[in-house]
Amino acid sequence: AQSVTQPDIHITVSEGASLELRCNYSYGATPYLFWYVQSPGQGLQLLLKYFSGDTLVQGIKGFEAEFKRSQSSFNLRKPSVHWSDAAEYFCAVGNNAGNMLTFGGGTRLMVKP
Amino acid sequence: EAGVTQFPSHSVIEKGQTVTLRCDPISGHDNLYWYRRVMGKEIKFLLHFVKESKQDESGMPNNRFLAERTGGTYSTLKVQPAELEDSGVYFCASSQPGLPDNEQFFGPGTRLTVL
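Residues numbered from 1 in each chain as written. Chains lettered and ligands numbered in written order. Predicted model: local features only at pLDDT ≥ 70, side-chain atom pairs only at ≥ 80, totals over all residues. Heavy atoms only, no water.

A. How the structure looks around the overall build of chain A. Helices and strands together make up the secondary structure of chain A, namely zero helices and 12 strands. Going residue by residue from the N terminus, the α and β elements of chain A occur as β-β-β-β-β-β-β-β-β-β-β-β. Since a compact globule built from 113 residues should have a radius of gyration of about 13 Å, the 13 Å found for chain A is in line with a globular shape. Relative to its full complement of 113 residues, chain A shows a buried share of 49%. Approximately 5200 Å² of chain A is accessible, and the part contributed by carbon and sulfur atoms is 49%. Across chain A, the centroid of the 9 positively charged side chains sits 3 Å from that of the 8 negatively charged ones. (Helix = DSSP H or I, 4+ residues; strand = E, 2+ residues; numbered from the N terminus. Rg over C-alpha atoms; globule rule 2.2 N^0.38 Å. Buried < 20%, exposed > 50% of the residue type's maximum accessible area, 1.4 Å probe, protein only. Areas by Shrake-Rupley, 256 points an atom, 1.4 Å probe, with all protein chains shown as cover. Lys, Arg positive; Asp, Glu negative; His and termini not counted. Charge placed at Lys NZ, Arg CZ, Asp CG, Glu CD.)

Set out below in structure tokens:
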């Protein structure tokens, strides 16, 4: 069975600091990996996705993520966090984008001024 | 273009009552999904429609939950009778058919509270 672990429930960073959100997955085949963000009152918005090819993927809002098969990880990074990045972030895995997604528990990001 | 919409945004009901949640997908999206997040835990898949057919309903928790998608447009999710453990946020998503990397677009969710 597939599963996703986001070890950090809450993270607080200062505005302008770098950010890394961890995601570990368990999946038997080649995974489709996703990062979503949910701001208050909004639906989940796709930040980026990895299917194949270059293991470093770029997304919207200045985010990137790196797929490391040997570590079963897909960590999300941003070099300089903005106050508007405060939200909850979800990592997800699937066998493709059109079928069910398995989500991690989410990481809530707070940004200090 | 309108995104995925869900109604109501909040619902508070008593145990034993019935609640119906509605999802309107993005126009032209044949795929429609229901997910829910209970008690701040992970978001879990409930089921997947392709047009009006249930493609995968492996995540439906029990027979108190009934999902329909008449005509392949909007979908409803009925909980009857509601139990305390049904409280949570119910998300709907939709995607275009065909390509394996077609993104799932999510609605804002319906927050259900069962008292």
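And the narrative resumes.
B. Expanded view of the pattern of salt bridges. Following the criterion strictly, the structure yields 12 salt bridges over all chains and no others. Between Glu66(A) and Arg77(A) there is a salt bridge; the shortest N-O distance is 3.3 Å. Of the two residues, Glu66(A) sits in strand S8 (residues 64–68) while Arg77(A) sits in strand S9 (residues 73–78), which places them 11 residues apart along the sequence. The exposure class of Glu66(A) is partly exposed, given its relative accessible area of 24%. Of the charged contacts, one joins Glu42(B) and Lys44(B) as a salt bridge, the two residues approaching to 3.7 Å between their closest N and O atoms. Judged by relative accessible area, Lys44(B) falls into the partly exposed class, the value being 48%. It is possible to trace a salt-bridge network through shared partners that takes in Arg36(B), Arg64(B), Glu85(B) and Asp86(B). (Salt bridge = Lys/Arg side-chain N within 4 Å of Asp/Glu carboxyl O.)

C. Representation of the pairing of strand S3 (residues 19–24) of chain B in the model. Residue and element names in this part refer to chain B. Burial along S3 is one-sided: Val19, Leu21 and Cys23 are buried, and none of Thr20, Arg22 and Asp24, which face the opposite way, are. Summarising the sheet, S3 and strand S8 (residues 75–79) pair through five bridges and their orientation is antiparallel. Residue pairing for S8: Arg22 is matched across the bridge by Thr76. (Pairing = 2+ DSSP bridges.)

D. Main features of the state of the cysteines. Per the counting criterion, the structure on display carries two disulfides over all chains. Each sulfur of the disulfide joining Cys23(A) and Cys91(A) lies 2.0 Å from the other. In this structure the cystine formed by Cys23(A) and Cys91(A) twists about its S-S bond by roughly -65°; its chirality is therefore left-handed. Here the residue Cys23(A) occupies a position in the loop between strand S3 (19–21) and strand S4 (24–26), and Cys91(A) occupies one in strand S10 (residues 87–94), the gap between them amounting to 68 residues. Per residue, the accessibility class of Cys23(A) equals that of Cys91(A), and both read buried. What pairs with Cys23(B) in a disulfide is Cys92(B), and their sulfur atoms sit 1.8 Å apart. Of note, the bridge from Cys23(B) to Cys92(B) carries an S-S torsion of about -65° and is left-handed in sense. Of this pair, Cys23(B) sits in strand S3 while Cys92(B) sits in strand S9 (residues 88–95), and the two are 69 residues apart along the sequence. Judged by its relative accessible area of 0%, Cys92(B) falls in the buried class. (Disulfide = S-S within 2.5 Å.)

E. Broad picture of the sheet that holds S3(B). Residue and element names in this part refer to chain B. An order of S1-S3-S8-S7 is seen for the four strands of this open sheet, with the pairing classed as antiparallel. Because the sheet does not close on itself, it has two edges, and the strands there are strand S1 (5–7) and strand S7 (65–68). Adjacent strand axes in the sheet meet at a mean angle of 15° when their direction is disregarded. With four bridges joining them, S7 and S8 adopt antiparallel strand pairing. Looking at S8, one finds that Phe65 is bridged to Val79. (Axes fitted to C-alpha atoms, helices over the stretch in contact; angles between N-to-C directions.)

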